[in-house]
Structure formats: structure tokens, C-alpha cells
Amino acid sequence: MTPAEIAPKDRLIVALDLPSVDAAEATINRLGDSVSFYKIGYRLAYAGGLPLVGKLADKGKKVFLDLKLHDIGNTVMQGVESITRLGATFLTVHAYPQTMKGAVEGRGNSSLKILAVTVLTSYNEDDLHAAGYRLGVSELVEARAQQAQVLGIDGLVSSPEEVGALRKIVGHQMHLVTPGIRPVGSATGDQKRIMTPGRAIAAGADYLVVGRPVVEAADPKAIAEAIQAEIAQAL
Ligand SMILES: O=c1ccn([C@@H]2O[C@H](COP(=O)(O)O)[C@@H](O)[C@H]2O)c(=O)[nH]1
């Protein structure tokens, strides 16, 4: 399936940033058929959440395993090789050349897609500078996208602000996945490079990752469906 063929509903990835498997399963049950794609990150993975990958896949759901791997190439390669057996659709690594090369080797011919995290959406220019980088956000995102493409990475994680420029660099060959999504009226929290769902899709994002605005809502299903309606309208 090309990115353009993804149904509006399947473009929303709900981040299960919840403290336990029980809490995650309760949210998944509340969301029911409305959500088809979930993200499991540090909080849930380290709280016993990895077996949920297979359980969700068995129910026909897709899983984005957001482990943001970063280590020497050989360790990343071996780790990714193990992860190919879990049944996830997407796995993140940080966009460093050795890391991306190791991840592509570890993924081999499996169906797992590797996404490279370009610059975290909680970073702005000052944060990058404080971390010792001399490039600004857009320059670093674009440089990493070019390296990721050459190394055979399957997709990129960036803020929606960079998606237009990334599309020009990578065309439609790579999945563009954007956290930093805030429906109008939602709290920004620690995110710094944000956009509404509609604007992110109009900018060219393939998938939107939304955590707190959905999982902390009084009615997660109503919010998820409102985001999906906004996505459908923007396509
Ligand atoms: O650059 C990045 C990469 C990953 N994330 C993850 O996405 C979700 C966003 O959650 P919200 O509650 O909607 O802010 C979260 O799991 C992050 O770890 C990101 O935000 N930015």
C-alpha cells in the first residue's frame, strides 16, 4: 500500500503512554474498533507491555514500537533482529548513521519498518544549541533525512513543521510520521513543535501520533474519532 492509499482512520496512531498493561488494555477496549494503530513506548514497554505487541497484532491491530534505539551498530543490529519476531509494524531508532545502518541490517527482509527519529518534537533551536549542535532544527532534520534515505531507512519521525521539506527530499518512498499533534484547545505539555491534526495532514504527514490528548481524555473514543474526522477532511 502506498502512503496515499492509507485510510483516514488508520492514519491516527494512539500512543499508549500508560502505567500498566491493565491500564493500556482498558484504554484499548474503550477505543474499540475506532482505533487500528497503537504506539508502545518506554512507559508501557518497561511496565511489561512488550507481549501486547503480539496480542494487538493477533487482533488485527498495528503496533508502532517506539523504543528509540541508539547504541553501537552491532548492538542495534542484534536488538532489531530480536524485535523482528515481536510482530510490530514500526520501530524507532535515533537518526545517527551507525544506529540506522545497524537497524537496517537487523531488520533484514522482515516486514518490520524502521523509522528514524530526526529531531525530537520537544526540542527547539535553543534546546539543540544547549545539546551541542551547531545546526538549527530544520537543517538537522533535513540532513538526517538525507542520511536515512541513503541508508535504506523506511520512514522518518519529525514534527509536522518539517514534513513539507521532507517530502521534497524523500518523495513518497518513506513514511512520514509526526508526533507533536495537538487538537485545538489541548494542552501543549512539553511539546514545542506542534500542529493541529488537520494542518499536519495538509502539510503532508502520513501518520499522526497522539498520546495525552486521547489517553487522558474523559472520553478517549470521542477525541480519537474527532481527530480521524479532521484527518479525513484535510486529505
Ligand atoms: O519526536 C518525537 C518522537 C516521539 N514522540 C512520542 O510521541 C508521543 C507523543 O505523545 P503526546 O502525549 O501526544 O505528546 C510520546 O509517546 C512521545 O514519546 C514525540 O512526542 N516526539
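Definitions and cut-offs
Residues numbered from 1 in each chain as written. Predicted model: local features only at pLDDT ≥ 70, side-chain atom pairs only at ≥ 80, totals over all residues. Heavy atoms only, no water. Salt bridge = Lys/Arg side-chain N within 4 Å of Asp/Glu carboxyl O. Helix = DSSP H or I, 4+ residues; strand = E, 2+ residues; numbered from the N terminus. Buried < 20%, exposed > 50% of the residue type's maximum accessible area, 1.4 Å probe, protein only. Arc of directions from axis to C-beta. Contact = heavy atoms within 4.5 Å. 1 Å grid on protein atoms, 1.4 Å probe; cavity = no way out; pocket = protein on both sides within 12 Å on 5 of 7 lines; lining within 4 Å. Points joined across faces, edges and corners; volume = space filled by probe spheres on them. Nonpolar A, V, L, I, M, F, W, Y, C, P; charged D, E, K, R; others polar.

Asker: Explain the pattern of salt bridges to me, please; I cannot follow it from the model alone.
Answerer: Pairing of side chains with opposite charge becomes possible as their charged atoms draw close. Going through the model one piece at a time under the given rule, you end up with 9 salt bridges. Across the salt bridge formed by D190 and R212, the nearest N and O atoms sit 2.7 Å from each other. Of this pair, D190 sits in the loop between β7 (175-178) and α9 (197-203) while R212 is found in helix α10 (residues 212-215), placing the two residues 22 residues apart along the sequence. Classification of D190 as partly exposed rests on a relative accessible area of 47%. Salt bridges here are not isolated pairs; linked through shared partners, they connect K39, D66 and K68.

Asker: How should helix α4 (residues 73-83) be read in this particular structure?
Answerer: Residues that lie three or four places apart on an α-helix share one face, since the helix turns once every 3.6 residues. Listed in full, the buried residues belonging to α4 are G73, V76, M77, V80 and I83. Buried residues along α4 cover an arc of 125° about the axis, so they all sit on one side. Buried positions along α4 lie against β3 (62-69), β4 (90-94), α5 (97-107) and β5 (113-117).

Asker: How should I be thinking about the layout of surface pockets in this particular structure?
Answerer: Leftover empty space is mapped by rolling, across the atoms, a probe with the size of a water molecule. Approximately 510 Å³ is the volume attributed to the largest pocket. As for the largest pocket, its lining consists of 23 residues, of which D17, K39, D66, K68 and Q191 are closest to the centre. Contributing elements (two or more residues each) for the lining of the largest pocket: α2 (42-49), β3 and β8 (207-210). Per element, the largest residue contribution to the lining of the largest pocket is 3 residues, and it comes from β3. In terms of residue class, the lining of the largest pocket is built from 9 nonpolar, 6 polar and 8 charged.

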